[in-house]
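A look at the structure
As a plain string of letters, each chain reads:
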Amino acid sequence: MNIPNLIEAEFKLVYGEIFRRRSALVSMIIYPYLFAGFTLFFGYTIGSPGLFMERVGVEPVVFMITASNMVMSIINTVDDVLWRPLHDAYVGTLPYIIASPINKLELFIIIPVPRLLLLLITGFTSIVPIYVLHYGLNGVVLALTVISLTTFGALTMSTLGIIIAGLVHTVGESWRILNVVRPLLMILVGAYFPRALMPFAAYITSMFIPSSHVVESIHRILLGDIGDVYLLLALAATLALVYAPGGSRSLLYWEKKKVSEGVKTS
Amino acid sequence: MSSAIIVRNLAKRYRVKKRISLLRSHTEVIEALRGIDFTVNYGEVVGLLGPNGAGKTTTIKILATLLLPDSGEAYVAGYNVIKNAGEVRKRIGIMLTVEKGFYGKLTGRENLEYFAALYGLDRVRSKDRIDYLIRLLELDKLGADYKLLEEFSLGMKARLSLARALLSDAPVLLLDEPTLGLDPPSARRIRELVRDLAHKEGKAVLYTTHNMFEAELVCDRILLINKGMIAAWGTPQELKMRIPKLRVIAINIKGEGRVDRILESLGVKYEIKSEENSINSIRIHAERPEDVFNDVVRKFIASGFEIVSARIEEPTLEDVFIYFSEGSL
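What you see is a predicted model, and the numbers here were worked out from it, not measured in a lab. Residue positions within a chain follow its written sequence, with the count starting from 1. In the order they appear in the text, chains get letters beginning with A and ligands get numbers beginning with 1. Per-residue local features are limited, in this predicted model, to residues with pLDDT of at least 70; the limit for side-chain atom pairs, both in listing and counting, is 80 or more; totals at the level of whole chains, interfaces and linings are taken over all residues. Side-chain figures throughout are based on the complete set of non-hydrogen atoms in the structure, without hydrogens or water.

1. Observations regarding the packing of aromatic side chains
Going by this rule: When the centres of two rings from Phe, Tyr and Trp lie within 6.5 Å, Trp using its six-membered ring, the rings pair. Their planes under 30 degrees apart give stacked, over 60 give edge-to-face, and anything left gives tilted. Labels follow the DSSP assignment, with helices taken as runs of H or I lasting at least four residues and strands as runs of E lasting at least two, numbered in each case from the N terminus. Throughout this description, the term charge over a ring refers to an Arg CZ or Lys NZ atom that lies within 6 Å of the ring centre and within 35 degrees of the ring normal.
In the structure shown here, the tally under the stated rule is 11 aromatic pairs over all chains. Judged by centre distance (5.3 Å) and plane angle (75°), the ring pair of A:F11 and A:Y15 falls under edge-to-face. Taken together, the residues span about one helical turn, with A:F11 and A:Y15 both in helix α1 (residues 3-19) at a distance of 4 residues. Taken together through their ring pairs, the aromatic side chains of A:Y96, B:F102, B:Y103, B:Y114 and B:F115 make up a single cluster. For B:R164, the ring lying beneath its charged end belongs to A:Y96, and the centroid distance is 3.3 Å. For the cation-ring pair, B:R164 lies above B:F102, with the distance from its terminal atom to the ring centre recorded as 3.9 Å.

2. Quick word on helix α8 (residues 138-168) of chain A
Definition in use: Here, expected helix span is obtained from the residue count minus one, scaled by 1.5 Å. Fitting axes to the seven residues that end at a residue and to the seven that start at it, the angle between those axes gives the bend at that residue.
With 31 residues, α8(A) extends 44 Å between its outermost C-alpha atoms, agreeing within 8% with the 45 Å of an ideal straight helix rising 1.5 Å per residue. Its maximal kink placed at A:T159, α8(A) deviates by approximately 30°.

3. Quick look at the layout of surface pockets
Defined as follows: Cavity: a set of points on a 1 Å grid over the protein atoms alone where a 1.4 Å probe fits but cannot get out. Pocket: an open set with protein on both sides within 12 Å along at least five of seven lines, its lining residues, like those of a cavity, having an atom within 4 Å of a point. Grid points are joined across faces, edges and corners, and a volume is the space filled by probe spheres set on the points. Classes in brief: Ala, Val, Leu, Ile, Met, Phe, Trp, Tyr, Cys and Pro nonpolar; Asp, Glu, Lys and Arg charged; the others, Gly included, polar.
Of the pockets and cavities examined, the largest pocket occupies roughly 1200 Å³. Taken together, 43 residues line the largest pocket, and the ones lying closest to its centre are A:G262, A:V263, A:K264, A:T265 and B:K61. Within the residue set of the lining of the largest pocket, elements represented by two or more residues are α4 (60-91), α5 (94-98), α9 (174-188) and α12 (229-261) of chain A together with β1 (3-19), β2 (25-41) and α1 (56-63) of chain B. The residue inventory of the lining of the largest pocket, partitioned by class, reads 19 nonpolar, 12 polar and 12 charged. In this model, the second largest pocket occupies a volume close to 750 Å³. Lining the second largest pocket we find 23 residues, and of these A:I46, A:F52, A:M64, A:Y192 and A:F193 sit closest to its centre. At the level of elements, α2 (22-46), α3 (49-56), α4 and α9 of chain A are the ones that each hand at least two residues to the lining of the second largest pocket. Per element, the largest residue contribution to the lining of the second largest pocket is 8 residues, and it comes from α2(A). A class-by-class count of the residues in the lining of the second largest pocket yields 18 nonpolar, 4 polar and 1 charged.

4. Digging into unusual backbone geometry
Among all residues save glycine, negative phi is the norm, and among peptide bonds the norm is trans. All names here are of chain B. The condition is simple: Partly exposed residues are those whose accessible area sits between 20% and 50% of the maximum for their type, while under 20% is buried and over 50% is exposed, using a 1.4 Å probe and protein chains only.
A positive phi angle, near 50°, is found at N9, a position not held by glycine. For N9, the location among the structural elements is in strand β1. The class of N9 is partly exposed, set by a relative accessible area of 47%. You will see that K227, though not glycine, has its phi angle at about 50°, which is positive.

5. Focus: the domain arrangement of chain B
For an interface, size is often stated in terms of accessible area lost upon the parts coming together. Applied cut-off: Domain delimitation follows an automatic or database domain assignment.
Each assigned domain of chain B is listed here: domain 1 (3-237) and domain 2 (248-313). For domain 1 of chain B versus domain 2 of chain B, the separation of C-alpha centres amounts to 47 Å.

6. Describing the interface of chain B and chain A
Here is the rule: Contacts are assigned to residue pairs with any non-hydrogen atoms lying within 4.5 Å of each other. Buried area is understood as the total, over both parts, of accessible area removed when two parts are fitted together, assessed with a 1.4 Å probe. Salt bridges, as used here, are contacts in which a Lys or Arg side-chain nitrogen is within 4 Å of a carboxyl oxygen on Asp or Glu. Polar contact is defined as a pair of N or O atoms within 3.5 Å, subject to the rule that within protein one atom must be able to donate a hydrogen and the other to accept it, and that residues adjacent in sequence are counted only when both atoms are side-chain atoms.
In this assembly, 35 residues from chain B lie in contact with 41 residues from chain A. The contact between chain B and chain A buries some 3200 Å² in all, and 60% of this surface belongs to carbon and sulfur atoms. Notably, a salt bridge pairs A:K12 with B:E113, separated by 2.8 Å at the nearest N-O pair. At the junction of chain B with chain A, the criterion picks out 19 residue pairs in polar contact (both at pLDDT 80 or more).

What follows is the structure, given as structure tokens:
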């Protein structure tokens, strides 16, 4: 299988969809601000920046713009994997993908890469200006660190995303389940709601989500506490690898289920 | 010629939930295929003809590894479609619904590049093959290099869909109603190409269609499928010969006189279809119409009638289709 060729094809597909749909491009740039603005608005109506600083330890604007960028990147990676089978079924390309000789695990790992890169570029339009305003020129270095870690965090989610996709799409009207899974992941990843403040059950659950460890490491960096960061990153990578065989099996199960029911061709 | 597709006793049932009231539903079993057998050789186009729900698309889907059969066996290019689905996928080109199956925000070429990557073609081979197919299907003249797919007409999509089926230069092609809804020039172009692919490049083509005219033009052999069973098979000519009673003498005569008495004296079955402006349109049924043709013509002339036209009519493939799918005409 020609992986570079496949990556190039996915880039063309995703960039064709985004750059030829201006609304999609504009929304990618303004969403981090919208998310951050929305959460700050709610935050300010029920508390004060001082209280936030006291509880979380980071300036709320910095925290929220970082969280928004992280959530967008991480959730988009999962979204690409979760929603792609539905999109392909809708546009009618799914039978051609299933009937192609491609290794489906390779394809699903590659699927989120183009959009993720684009989202990271939007880090320069969201995180960098706010960090520079807040930290001065040092903010550029910090922003680059956060963007790099966010990339890593997003990539660690692909195998868990594949497991969920493979299982969810074997049932009818899977989009309803995805609409529940998505916000749960958004919360449990801990970007907006730091893991340390979560209820015990949510805290334990979030431990099984690879990118939640990366998110926590970013929070610690923002707090200036980098002691356990490497451990957290290693934990995220380990979890991603542990989920990989499950992802492969899950996709195989999905494909078998689809074929046993008959892939819709019209 | 060797067999590219071998189907043995292939059966498939669907369980469909049917609502019978607001709160109740029951499961209905539909027998899509009831144990069909056929082969398709390299270098030939085999048409799969049948009414809606006959089992054509089910057959194509099983051969394309998109559906599991309940029983029976199917081999494509020597590989079992269940046990060796991966190998089968390397050796088939498929064309399913024409109007769907592409990404709207990509150009025709970009769509082909995407699917070429899925088929594992490297960059050089992909470019060469796409260039060749775009020229072959005259997509370059239609703007496939710069037009987004959402701007494509149905005819362009059909050509692009055929181009995709040919991307990997697979030896077996499974084409499900490839000309459905197309304008005549596009349909003709596709028919010509399909014949060339089989006869010049030696590919095995399984081709489903509703269009009898098209089946007769394109297919070397035809399988008539009805209610999940093969009702008849053979070349278009062989199929027509299987319903000889449909061969008739169609004769139009002008003049006054008792037409019925003349026909009865010949001892043939007949029907007088119409009578306008003293022209009688008559259809005479006979096992071997050519044996009585001369007698009929001679008798009418001798009785003072003018022969306006007279010919032996062969049944059309449509007659054959209706005969085998409905049991009568």
